[in-house]
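Notes for the structure review
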Amino acid sequence: MTAIKHALQRDIFTPNDERLLSIVNVCKAGKKKKNCFLCATVTTERPVQVKVVKVKKSDKGDFYKRQIAWALRDLAVVDAKDAVKENPEFDLHFEKIYKWVASSTAEKNAFISCIWKLNQRYLRKKIDFVNVSAQLLEESVPSGENQSVTGGDEEAVDEYQELNAREEQDIEIMMEGCEYAISNAEAFAEKLSRELQVLDGANIQSIMASEKQVTILMQLLDEALKEVDQIELKLSSYEEMLQSVKEQMDQISESNHLIHLSNTNNVKLLSEIEFLVNHMDLAKGHIKALQEGDLASSRGIEACTNAADALLQCMNVALRPGHDMLLAVKQQQQRFSDLREHFARRLASHLNNVFVQQGHDQSSTLAQHSVELTLPNHHPFHRDLLRYAKLMEWLKSTDYGKYEGLTKNYMDYLSRLYEREIKDFFEVAKIKMTGTTKESKKFGLHGSSGKLTGSTSSLNKLSVQSSGNRRSQSSSLLDMGNMSASDLDVADRTKFDKIFEQVLSELEPLCLAEQDFISKFFKLQQHQSMSGTMTEAEDLDGGALSRQHNSGTLLPVSSEKDMIRQMMIKIFRCIEPELNNLIALGDKIDSFNSLYMLVKMSHHVWTAQNVDPASFLSTTLGNVLVTVKRNFDKCISNQIRQMEEVKISKKSKVGILPFVVEFEEFAGLAESIFKNAERRGDLDKAYTKLIRGVFINVEKVANESQKTPRDVVMMENFHHIFATLSRLKISCLEAEKKEAKQKYTDHLQSYVIYSLGQPLEKLNHFFEGVEARVAQGIREEEVSYQLAFNKQELRKVIREYPGKEVKKGLDNLYKKVDKHLCEEENLLQVVWHSMQDEFIRQYKHFEGLIARCYPGSGVTMEFTIQDILDYCSSIAQSH
């Protein structure tokens, strides 16, 4: 290790003016054993720099190279891993942690000891020595003569001082003058001693020669001290004289400071007074307007508005620190508070009177609207009140209690006024819907003292029965219970549609105008949040505004938008029940009115939601739309239930079932009403339910029919359904249209085959036997040799069916079919033509068998296809 140390010192550290003090042979922990050396070095030049250098043997030769160096001042922690047991591992914490394994514990301890010494001598910084034996550190402390070799080397380095250039030059000159100094040191030393004695003597003589000059110098110093004393006396007198002047100047300066301070205070005081006067002085004209201003005239309202704004500015001025301590400011603030209270009371009282007067004025105009289906116009009242909008905003910001009281009073007065107007308006609408006064009594309406009132209980008991026979006496077999679609004239339904549309058209602008007025008059559209100004738990009657839901729970007000909606709910609380009553009346008059109401209500809801989805009008119409939709679904359900309850007569033929015609009328009416409607999907769902009910119940009636064959009932009714769907072209029922056509075709064929039967019965049995023999394996041309099926037997059977008998049989068949079919659907000729085709098909089949099984026999039928065509045509014309 010593040889390596000297080699490293020579090759690596000496060229860099460094001394190697300690060395340890290490390798990195946990990796392949690549050995290197950690060296502790110091520089030979001052200031001394201490480093830890990593030296590694080169891969290309046997020489060593410097790989990386760390300054000792960057070392934070030395971790020896174990202070008790011998462990060659240790960590050095520089900018990151370096883990090492020494070749021996002794080398590790010696290196750590050297690091500790260098830190104590040169750095004195806080390096943490972790898991290092205390004995090792104590032994490392240098004391007196017991210093380690390393410590001695360091002291030697510190005591050694090199000669500078001048010292080297002087020594060389001296050595040149005494060439023998090297060969004879004693002679050189004696010479130097003699020269030193000569120099000492010269120094003594020089000192003795300068004694006289020292004496003269001392005398001069004494004279100078005397002069200094005289100058000090004069300066003292001057100082005394200047002291009095200084005192006078201090007094003058203090007086000037006080004058400047007084002026500054006066300027500041004037500024504060001007601020208070400019910002807290209310003009006499404003005070008079607040105390006595006319709140009825436009000029007076404008003056009061300006005065209220000025008062609010004076009250809201941002006072500077200390202003609120001034008595005048307190008195002025109290005066402003009194003015505000007085004017707020005057304004609230005046507006309450205006609200009351409005109720009386509007009541006087109700009579002229009682006979017309129009609502009174509130625009003049809104226009007059909007003049007070700025004053309401002032009241809202200065006295929210009175503002809230006015809001509550407005809702109370206007809700009663609107309730009277709206109820009378709906009574007129009910009268117009039911026709004359006499007819209105039939539906539960009556007049009392010139004022219309409605009887809700009588509306609930209302029952409208069918008033006419739609087609023929067979239609009376179906007991429909409620009014059918064709029992009312189209003009009556059109009138109902116009009245309902007019009702909605009158209500919509009324609500929108009132909502716009509330927003502008009560200043509720500017801010979304009103937190801190309202108590969420109070209701409309107790203080702050909140909505009372149908369940009785109180909904808190979270925004001014909610407040507008809740005010509208309180003011127009009667609209929704009145609309529901009107809808109930229309539904009782004619259940098909629900179609008109669904379309009209859907359109108005869609329009309202486009304007404001959360508005009162949108919410109210949406709730009523739910009722209308429920009535529409009920109408559909009732029609299906009536189909299921159908009863047929056992003595007369069925014909076209009434509910099939009902569906035709319903579909025609619905298509005309729902043209370009928003809720087409509801109608399509109703169509699907109704057509399924029609299909099921047609089959049910056909199965129960005793007088009319099942196939006739199915054929006629599905033909009617197919014709209806083809004419109306309802896209959602395309599949049902195809199904109806298929059912009609199938049952027509089935009826023709069943009714026609076997017109040539014996001949048919004969040829069935022939086909059986062929099926058993007998060739067709050999069948004539069978005893039971020879030519004589064939001729015998054919002679039994001359043309006269065939025509008679067809005539009886025509009469039978005519008896089965109804006149409305006009299918007799279609059925007769199908029977003619089927008969001809059977004739051709028999002729084919004769030609194949009896070739060359000359046997033929006694009538031809042309005879069949003539018979059928003649029979049809004769009937």
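Criteria and thresholds
- Residues numbered from 1 in each chain as written.
- Predicted model: local features only at pLDDT ≥ 70, side-chain atom pairs only at ≥ 80, totals over all residues.
- Heavy atoms only, no water.
- Helix = DSSP H or I, 4+ residues; strand = E, 2+ residues; numbered from the N terminus.
- Buried < 20%, exposed > 50% of the residue type's maximum accessible area, 1.4 Å probe, protein only.
- Contact = heavy atoms within 4.5 Å.
- Areas by Shrake-Rupley, 256 points an atom, 1.4 Å probe, with all protein chains shown as cover.
- Core = buried A, V, L, I, M, F, W, Y, C linked by side-chain atoms within 4.5 Å.
- Phe/Tyr/Trp six-rings, centres within 6.5 Å; stacked < 30°, edge-to-face > 60°.
- Lys NZ or Arg CZ within 6 Å of the ring centre and 35° of its normal.
- Salt bridge = Lys/Arg side-chain N within 4 Å of Asp/Glu carboxyl O.
- pLDDT = per-residue confidence, 0-100.
- Patch = residues over 30% accessible without salt bridge, like charges linked within 9 Å, V, L, I, M, F, W, Y side chains within 5 Å.
- Pairing = 2+ DSSP bridges.
- Expected span 1.5 Å × (residues − 1).
- Axes fitted to C-alpha atoms, helices over the stretch in contact; angles between N-to-C directions.

**Structural notes on the overall build of the protein**
What the protein contains, in helices and strands, is 30 helices and twelve strands. For the protein, the residues scored as buried account for 41% of the 879 residues in total. Residue pairs in contact within the protein that sit at least 24 positions apart in sequence constitute 69% of those at least 6 positions apart. Working note: accessible area of the protein is about 49800 Å², and carbon and sulfur atoms make up 51% of it.

**Some points on the nonpolar core**
Counting 174 residues, the largest nonpolar core has Y410, V503, L763 and V831 as the members making the most contacts within it. Sort the elements by how many residues they give to this core and helix α14 (residues 400-434) lands first, with 14 residues. Those residues within four positions of Y410 in sequence are excluded, and the remaining contacts are F355, F381, H382, L385, S415, E514, F517, I518, F522 and I571.

**As for the packing of aromatic side chains**
Summed over the entire model, instances satisfying the criterion amount to 30 aromatic pairs. Between the aromatic rings of F592 and F666, the centroid separation amounts to 5.5 Å while the plane-to-plane angle is 65°, which identifies the pairing as edge-to-face. Separated by 74 residues along the polypeptide, F592 in the loop between α19 (575-589) and α20 (593-611) and F666 in helix α22 (residues 658-673) bring together distant segments of the chain. You'll find F592 and F666 in the same group, each marked buried. Taken together, the aromatic side chains of F355, F381, Y400, Y403, Y410, F517, F521 and F522 make up a single cluster linked through ring pairs. Over the ring of Y122 we find R121; its NZ or CZ atom is 5.8 Å from the centre of that ring.

**Quick word on the pattern of salt bridges**
Applying the stated criterion across every chain, the model contains 32 salt bridges. Linking E18 and R66 is a salt bridge whose minimum nitrogen-to-oxygen distance equals 3.0 Å. Here R66 lies in strand β4 (residues 64-71) and E18 lies in strand β1 (residues 18-28), a separation of 48 residues in the sequence. Classification of R66 as partly exposed rests on a relative accessible area of 30%. For R680, the salt bridge identified is with D684, shortest N-O distance 3.2 Å. Residue R680 and its partner D684 are both found in helix α23 (residues 680-704); the two are separated by four residues, about one turn of the helix. Here R680 falls in the partly exposed class, since its relative accessible area comes to 23%.

**Observations regarding the confidence of the model for the protein**
For the protein, per-residue confidence averages 79 on the pLDDT scale, and residues scoring 70 or more make up 84% of the total. Of all the helices and strands in the protein, helix α16 (residues 456-460) carries the lowest mean pLDDT, 34, while strand β2 (residues 36-43) carries the highest, 93. In this model residues 437-488 is a low-confidence stretch, pLDDT under 50, and it forms 93 contacts with partners more than four residues away in sequence or in other chains. Within the model, the stretch residues 526-557 combines pLDDT values under 50 with 63 contacts to residues more than four positions away or in other chains.

**Digging into a nonpolar patch on the surface**
On the surface, a nonpolar cluster with roughly 560 Å² of combined accessible area is contributed by V214, I216, L217, M218, L220 and L221. Note on placement: L221 falls in helix α7 (residues 211-280). Judged by its relative accessible area of 44%, L221 falls in the partly exposed class.

**Remarks on the pairing of β4**
Of the strand pairs in this sheet, strand β3 (residues 50-57) and β4 are connected by seven bridges, and their pairing is antiparallel. The residue of β4 that forms the bridge with V53 is A69. Once β3 ends, the chain turns through six residues before running back antiparallel as β4.

**Concerning the pairing of β2**
Walk down a regular strand and you will see the side chains alternate between the two sheet faces. Most of β2 sits inside the fold, with eight of its eight residues counted as buried. Taking every second residue as pointing to the same face, both faces of β2 are buried, with C36, L38, A40 and V42 on one and F37, C39, T41 and T43 on the other. Judged from the eight bridges that link them, β1 and β2 form a sheet pairing that is antiparallel. What sits directly across from E18, in β2, is T43. Remark: six residues form the turn of the hairpin made by β2 and β3, two consecutive strands paired antiparallel.

**Quick look at α19**
Its 15 residues give α19 an end-to-end C-alpha distance of 21 Å, which sits within 8% of 21 Å, the value for a rise of 1.5 Å per residue. Of the positions making up α19, those classed as buried are I575, E578, L579, L582, I583, L585, G586, D587 and I589.

**Regarding the sheet that holds strand β5 (residues 77-79)**
Across the sheet, which stays open at both edges, the eight strands sit in the order β4-β3-β2-β1-β7-β6-β5-β8 with mixed pairing between neighbours. Of all strands in the sheet, those with a lone pairing partner are β4 and β8 (128-130), marking the two edges. Between one strand axis and the next, the sheet turns by 30° as a mean value, whatever way the strands run. In the sheet, β2 pairs with β3 via six bridges, with the strands oriented antiparallel. Of the residues in β3, the one forming a bridge with A40 is V52. Set on the sheet, helix α1 (residues 2-13) makes contact with β1, β2, β3 and β4; between it and β1 the angle comes to about 115°. Contacts between helix α2 (residues 105-123) and the sheet are confined to β1, β2, β3, β5, β6 (89-93), β7 (97-102) and β8, with β1 contributing the most and set at about 140° to the helix.

**Comments concerning the environment of G622**
Mapped onto the fold, G622 is located in helix α21 (residues 616-644). A sequence separation of 13 residues divides G622 from Q609, and the C-alpha atoms of the two residues are 9.1 Å apart.

**With respect to the environment of S755**
One can find S755 in helix α25 (residues 734-756). For S755, a relative accessible area of 9% translates into the label buried. Linking S755 and V817, residues 62 residues apart in sequence, is a C-alpha distance of 7.8 Å. Excluding residues within four positions of it along the chain, S755 makes contact with L813 and M835.

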